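Analysis of the macromolecular model
Residues per chain are reported as follows:
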Amino acid sequence: MNSRLDAALNDTPKSIADYLRSLFNSENFDATISAQQFEELLVLSGLSDDELRICLLPFAAAYSYAPISEFYVGSIVRGLSGRLYFGANMEFIGAQMSQTVHAEQCGISHAWMKGETGIIDITVNYSPCGHCRQFMNELTTANELKVQLPERDEMSLQQYLPDSFGPADLDIDARLMDGKTKSYQTHESDPLVLKAVEALNYSHAPYSENHSGVALRLADGSVYLGSYAENAAFNPSLPPLQVALAQILMADKSFEQIDTAALAELSAGKISNLDGTQSTLDALNPDITFTYISL
Ligand SMILES: [Zn+2]
């Protein structure tokens with residue numbers, strides 16, 4: 001178990017500490033809590049739904065990778081399936097500040113890459129910044145999404161982001177997490193490149209049409225995918241490398257284990273994720289083998 005999860009258990013109500021310890025120690029634990037497990041925790045704890053989510057926040061924040069700010073943010077995202085996904089903030093020494101991933105983006109991309117097609121609510125231990133409010137306004141469920149903070153009443157995203165700007169202002173119907181896929185293919189046979197193309201086909205890039213995806217292979221052979229998540233306001237777009245790194249973080253693995261990386265994008269796209277991907281990978285570890293393919 002992540003040692004910070006263990007430390008957070010010391011501050012958890014005794015009624016659910018044993019249940020959570022057993023869950024976190026399970027080989028299958030993947031930083032998510034099923035709807036059924038959440039129901040069981042509600043019964044054991046006697047807490048209300050929002051109180052329990054707030055109680056679980058320190059466990060999401062335990063995944064935080066924040067060597068610059070040392071400010072540990074956790075998010076808990078509930079997908080439409082009812083499953084809850086942890087997210088945490090990520091910062092990269094030596095990379096541009098714009099490569100930073102906020103806990104909300106991490107939790108949402110975690111849910112997205114595991115197949116959710118929208119989120120019901122998000123619980124965060126600090127107020128979402130303007131950037132994240134805009135990021136969330138791209139979601140399929142942006143109009144219904146609820147935001148819960150500690151010691152605050154639940155509010156909707158639209159209350160946090162009045163007079164919002166979104167995809168409809170640019171006449172775009174696609175929404176982040178809409179589950180739609182593309183069907184681009186490559187003649188390359190490298191399995192990691194094929195995984196990057198799989199991630200490309202799942203990306204949301206209606207503004208630049210630069211559908212792109214990243215696949216990262218760790219020294220233990222495991223592979224993590226990241227699909228590009230574009231935003232109507234452009235700047236809050238989450239690059240595919242960041243989405244893949246978020247999956248590694250939530251799998252409780254180390255970026256130091258990244259061995260090989262592949263980026264696939266479309267040659268006809270109006271932008272490129274190549275420079276940003278290369279420079280952040282270099283900042284993480286210049287020895288990572290990197291393959292680039294433009295379809
Ligand atoms: Zn933020």
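Residues numbered from 1 in each chain as written. Predicted model: local features only at pLDDT ≥ 70, side-chain atom pairs only at ≥ 80, totals over all residues. Heavy atoms only, no water.

Turning next to the sheet that holds strand β3 (residues 84-88). Strand order across the open sheet formed by 6 strands is β1-β3-β2-β4-β5-β6, with mixed pairing between neighbours. The sheet is open, and its two borders are formed by β1 (32-33) and β6 (155-156), each paired with just one other strand. Here strand β2 (residues 74-79) pairs with β3 via 5 bridges, running antiparallel. Within β3, the position partnered with Val77 by the bridge is Tyr85. (Pairing = 2+ DSSP bridges. Helix = DSSP H or I, 4+ residues; strand = E, 2+ residues; numbered from the N terminus.)

This part takes up the nonpolar core. Counting 72 residues, the largest nonpolar core has Leu20, Phe24, Phe59, Phe86, Ile108, Ile122 and Leu216 as the members making the most contacts within it. With sequence-adjacent residues up to four places away left out, Ile108 is seen in contact with Val77, Ile119, Ile122, Phe135, Met136, Leu139 and Met177. Core analysis: the second largest hydrophobic core is formed by 12 residues, Ala199, Leu225, Ala262 and Leu266 among them. (Core = buried A, V, L, I, M, F, W, Y, C linked by side-chain atoms within 4.5 Å. Buried < 20%, exposed > 50% of the residue type's maximum accessible area, 1.4 Å probe, protein only. Contact = heavy atoms within 4.5 Å.)

Hydrogen bonds along the backbone pair up the strands of a sheet, which may run parallel or antiparallel. Overall, mixed pairing links the 4 strands, which are arranged β8-β7-β9-β10 in an open sheet. The open sheet is flanked by β8 (223-227) and β10 (289-294), the only strands paired with a single partner. Averaged over all adjacent pairs, the angle separating strand axes in this sheet is 15°, with direction ignored. Here 6 bridges tie strand β9 (residues 258-265) to β10, and the two strands are oriented parallel to one another. Paired with Ala261 across the strands is Phe290, a residue of β10. (Axes fitted to C-alpha atoms, helices over the stretch in contact; angles between N-to-C directions.)

Our next topic: the pairing of β2. Counted residue by residue, β2 has 6 buried out of 6 residues, so it is predominantly covered. Of the two faces of β2, the one holding Gly74, Ile76 and Arg78 and the one holding Ser75, Val77 and Gly79 are both buried throughout. The antiparallel pairing of β2 with β3 creates a hairpin that spans 4 residues between the two strands, and Gly82 there sits at a positive phi of about 100°. Sheet topology note: the β2/strand β4 (residues 119-124) ladder contains 5 bridges and is antiparallel. Directly across from Ser75, in β4, lies its bridge partner Val124.

Further remarks concern the packing of aromatic side chains. Using the criterion set out here, one finds 10 aromatic pairs in the structure. Taken together, a centroid distance of 6.2 Å and an interplanar angle of 65° make the contact between Tyr63 and Phe86 edge-to-face. Of the two residues, Tyr63 sits in the loop between α4 (49-61) and β2 while Phe86 sits in strand β3, which places them 23 residues apart along the sequence. In this pair, the class of Tyr63 matches that of Phe86, namely buried. An angle of 35° between the planes, with centres 4.4 Å apart, marks the rings of Phe71 and Tyr126 as tilted. Of the two residues, Phe71 is situated in the loop between α4 and β2 and Tyr126 in the loop between β4 and α6 (130-136); the sequence distance between them amounts to 55 residues. Judged by relative accessible area, which is 40%, Phe71 ranks as partly exposed. (Phe/Tyr/Trp six-rings, centres within 6.5 Å; stacked < 30°, edge-to-face > 60°.)

It is worth spelling out the packing of helix α5 (residues 103-113) against helix α9 (residues 240-250) at this point. Where α5 contacts α9, the two axes come as close as 9 Å, and the packing angle between them is 90°. When the axis of α5 is compared with that of α9, the two are roughly perpendicular. For the pair α5 and α9, the contacting residues are Cys106, Ser109, His110 and Met113 in the first and Val243, Ala246, Gln247, Leu249 and Met250 in the second. Classifying every residue of the contact of α5 with α9 by side-chain character gives 6 nonpolar, 3 polar and no charged. (Parallel < 35°, antiparallel > 145°, perpendicular 65-115°, else oblique. Nonpolar A, V, L, I, M, F, W, Y, C, P; charged D, E, K, R; others polar.)

With that settled, consider the pattern of salt bridges. What the rule picks out here adds up to 8 salt bridges. The salt bridge partner of Asp18 is Arg21, with a shortest N-O separation of 3.3 Å. On the criterion of helical spacing, the pair formed by Asp18 and Arg21 is a turn pair, its members being 3 residues apart in helix α2 (residues 14-25). Taking the shortest distance from any N to any O, the salt bridge between Lys114 and Asp30 comes out at 3.3 Å. Of this pair, Lys114 sits in the loop between α5 and β4 while Asp30 is found in the loop between α2 and β1, placing the two residues 84 residues apart along the sequence. (Salt bridge = Lys/Arg side-chain N within 4 Å of Asp/Glu carboxyl O.)

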